[in-house]
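# Structural features, examined
Residues per chain are reported as follows:
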Amino acid sequence: MSEESKDILLAELQRQVDYYRQLSDEVAGQNIRSDSQISLLKRKLIQKENGFTILSALHDAFGHQIYEDDFFTNTLELINTTLKMDKTVVLWQLSGHSRGFSPKFHMGYEREEIDQIHNRQLDFLIDESPISRPFLANKNTQTNPLIDKLREELILPFFIAVPIRMRSKVIAWMIAGREKEAWPFYPPLDEGDLDTLVSISGFLEAGLSNASLYASLEKANQELEAYNQELEQRVAERTKDLRIKNQELFKEKKRSEDLLLNILPKETADELKKNGFAKAKLQTDATVMLADFVNFTKFSSQISSEELVAELDHCFRNFDMITTKYGLEKIKTIGDAYMSACGVTGETGLASDVIRAGIEMRDFIEAYGKEKPESIREYFKIRVGINTGPVVAGVVGLKKFSFDIWGDTVNTADRIQSGSLAGKVNVSHSTYMVCKDDFEFESRGKIAAKNKGEILMYFVEQK
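Let us look at the structure shown here. (Residues numbered from 1 in each chain as written. Predicted model: local features only at pLDDT ≥ 70, side-chain atom pairs only at ≥ 80, totals over all residues. Heavy atoms only, no water.)

### Here we look at the environment of P145
Considering the arrangement of structural elements, one finds P145 in helix α4 (residues 145–154). A relative accessible area of 62% places P145 in the exposed class. Residues P145 and D127 lie 18 residues apart in sequence; the distance between their C-alpha atoms is 8.8 Å. (Helix = DSSP H or I, 4+ residues; strand = E, 2+ residues; numbered from the N terminus. Buried < 20%, exposed > 50% of the residue type's maximum accessible area, 1.4 Å probe, protein only.)

Shown next, in the form of structure tokens:
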């Protein structure tokens with residue numbers, strides 16, 4: 001395979017990795033959005049549950065006919081403790097002043113602060129128009145003179161104000177809030193908190209008027225219960241969706257992992273993912289095998305390029321299965337040459353397994369060649385060369401990562417392959433010394449090798 005073809009193949013593999021990485025990021029983004037939605041729904045559920053708790057407590061208190069002062073004091077204490085408010089105050093309408101309100105009940109204020117707010121008079125007006133609807137003042141609220149005045153006079157930066165009515169007229173304002181807004185201990189006040197306080201104010205109105213108390217409470221409880229059930233159902237649905245997305249993410253992640261492990265050994269891939277780079281390492285006991293087709297150049301001129309690539313693909317696929325069977329690491333293919341090795345990824349490999357794989361690869365090609373027409377049968381033979389020794393193994397560069405091995409052991413393995421014959425598995429003296437008791441060896445003596453002088457070589461077969 002040419003360098004250009006190799007680059008194209010690596011580019012395609014990189015494109016696939018990028019695609020699955022992008023898909024994984026998209027699924028992760030969907031998980032984050034789902035988590036955010038679930039958190040919001042859970043917060044709303046907690047808000048409604050807290051409101052239900054307060055209303056239930058008020059129901060019990062009203063059943064015991066608590067006096068007005070006790071009733072309001074207990075209500076404000078429930079608001080501060082259950083809704084986690086810092087301060088709550090009830091501003092009562094001043095006698096003879098339809099628009100002026102002054103503090104009557106309060107909870108959460110220090111003694112010095114009580115003295116400051118005690119005689120304050122506040123008019124709920126904007127541009128001389130009376131305000132009668134509940135409103136929220138958090139850090140995102142657009143301010144106005146009334147909000148600024150309430151913040152200053154009541155010493156409460158963030159608050160919710162709800163009116164308390166009697167016979168459709170506002171007789172008081174209940175204001176509850178927090179001194180800070182910062183997650184997670186001081187969540188910003190929102191519409192859910194406002195809805196809860198509106199419900200509480202409605203109960204207070206019923207208590208003050210002493211009319212339709214149980215009907216109003218039962219209705220509010222039923223609505224809250226129905227809303228709780230709805231929220232629980234929605235949370236369950238979102239949780240189910242999240243579980244499905246997680247399963248899809250796991251599948252896509254596994255595909256990406258499998259693709260990466262098709263390119264790099266697991267140890268190198270793990271190091272690359274952890275550090276962003278992988279150092280090349282010296283492996284002292286490696287065995288390298290090269291298999292090369294005989295007369296490949298002549299063969300390639302007799303068939304089309306498509307047919308040639310198809311034949312190589314078929315043969316190399318079977319080589320992959322054989323090397324995997326014996327636990328070898330495929331290094332690369334160079335044209336019609338196939339390189340694999342053991343002992344190059346930090347794990348101890350057996351040189352004898354490399355020889356067995358080489359013999360099996362040779363036998364496969366010979367059997368496959370017998371199926372071909374007589375005119376091209378001679379080309380389906382390979383030379384196999386095997387050498388044992390130290391190598392440097394790893395990944396170099398910044399782009400298009402490819403696991404490779406370097407060193408004199410690799411160069412010598414190539415010379416051993418070149419010095420072999422068609423249909424023969426040729427090994428070096430170092431490999432012979434490791435495996436001499438496991439196979440039948442035929443000593444060939446010293447064979448001349450390009451740029452290496454004479455090298456001891458041996459043909460090898462199974463016993």
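### Structural notes on the sheet that holds strand β7 (residues 158–166)
In space, the six strands of this open sheet follow the order β3-β2-β1-β8-β7-β6, with antiparallel pairing throughout. Pairing within the sheet leaves two strands with one partner each, and these edge strands are β3 (122–123) and β6 (135–137). The sheet contact formed by β6 and β7 spans three bridges and is antiparallel. Across the sheet, F135 pairs through a bridge with A161, a residue of β7. (Pairing = 2+ DSSP bridges.)

### Regarding the packing of helix α9 (residues 305–325) against helix α10 (residues 351–369)
The geometry of α9 relative to α10 is characterised by a closest axis approach of 10 Å and an angle of 150 degrees between their N-to-C directions. Taken together, α9 and α10 sit at an angle that is classed as roughly antiparallel. In this structure, α9 crosses over α10, and the sense of that crossing is right-handed. Note on element contacts: α10 touches α9 through A357, E360, M361, F364, I365 and Y368, opposite E311, H314, C315, N318, F319, I322, T323 and K325. Here the contact of α9 with α10 is built from residues that sort into eight nonpolar, three polar and three charged. (Axes fitted to C-alpha atoms, helices over the stretch in contact; angles between N-to-C directions. Parallel < 35°, antiparallel > 145°, perpendicular 65-115°, else oblique. Left-handed = near helix turned anticlockwise from the far one by under 90°. Contact = heavy atoms within 4.5 Å. Nonpolar A, V, L, I, M, F, W, Y, C, P; charged D, E, K, R; others polar.)

### Considering the pairing of strand β12 (residues 382–394)
With respect to burial, β12 is a largely interior element, eleven of its 13 residues being buried. Bridge count between strand β9 (residues 281–293) and β12: eleven bridges; the pairing is antiparallel. Note that in β12 the partner of T287 across the bridge is T388. Bridging between β12 and strand β14 (residues 425–428) involves three bridges; their strand directions are parallel. Within the sheet, the bridge partner assigned to I386 lies in β14 and is V427. Sheet topology note: the β12/strand β13 (residues 404–406) ladder contains three bridges and is antiparallel. Along β13, the bridge assignment pairs A393 with I405.

### Observations concerning unusual backbone geometry
Unusually for a residue other than glycine, S168 sits at a positive phi of about 70 degrees. Mapped onto the secondary structure, S168 falls in the loop between β7 and β8 (169–178).

### Quick word on the pattern of salt bridges
Two side chains of opposite charge can pair, provided their charged atoms sit close to one another. Scanning the entire structure with this criterion turns up 16 salt bridges. For D313, the salt bridge is made with R317, and the minimal N-O distance between the two is 2.8 Å. In this pair, D313 and R317 both sit in helix α9, four residues apart, roughly one turn of the helix. Members of the salt-bridge network, linked through shared partners, are K87, E113 and E179. (Salt bridge = Lys/Arg side-chain N within 4 Å of Asp/Glu carboxyl O.)

### Topic: the side chain of T88
Within the fold, T88 resides in strand β1 (residues 87–93). T88 sits in the buried class, given a relative accessible area of 0%. There is a polar contact of 2.5 Å between the side chain of T88 and the side chain of N80. Ignoring sequence-local partners within four residues, the contact set of T88 consists of L76, I79, N80, F105, H106, M107, Y109, M174, I175 and A176. (Polar contact = N/O pair within 3.5 Å; in protein donor to acceptor, adjacent residues only side chain to side chain.)

### Quick notes on the packing of aromatic side chains
In total, this model carries 18 aromatic pairs according to the counting rule given. Consider the rings of F72 and W92, whose centres lie 5.6 Å apart with planes at 80 degrees: the pair is edge-to-face. Of this pair, F72 sits in helix α2 (residues 68–82) while W92 is found in strand β1, placing the two residues 20 residues apart along the sequence. For F72, a relative accessible area of 0% translates into the label buried. Ring-pair connections join several aromatic residues into one group, and the members of that group are F299, F316, F319, Y338, F364, Y368 and F380. The residue whose ring lies beneath K104 is W92, and the NZ or CZ to ring-centre distance is 4.3 Å. One Lys or Arg, K424, reaches over the ring of F459 and ends 5.3 Å from the middle of that ring. (Phe/Tyr/Trp six-rings, centres within 6.5 Å; stacked < 30°, edge-to-face > 60°. Lys NZ or Arg CZ within 6 Å of the ring centre and 35° of its normal.)

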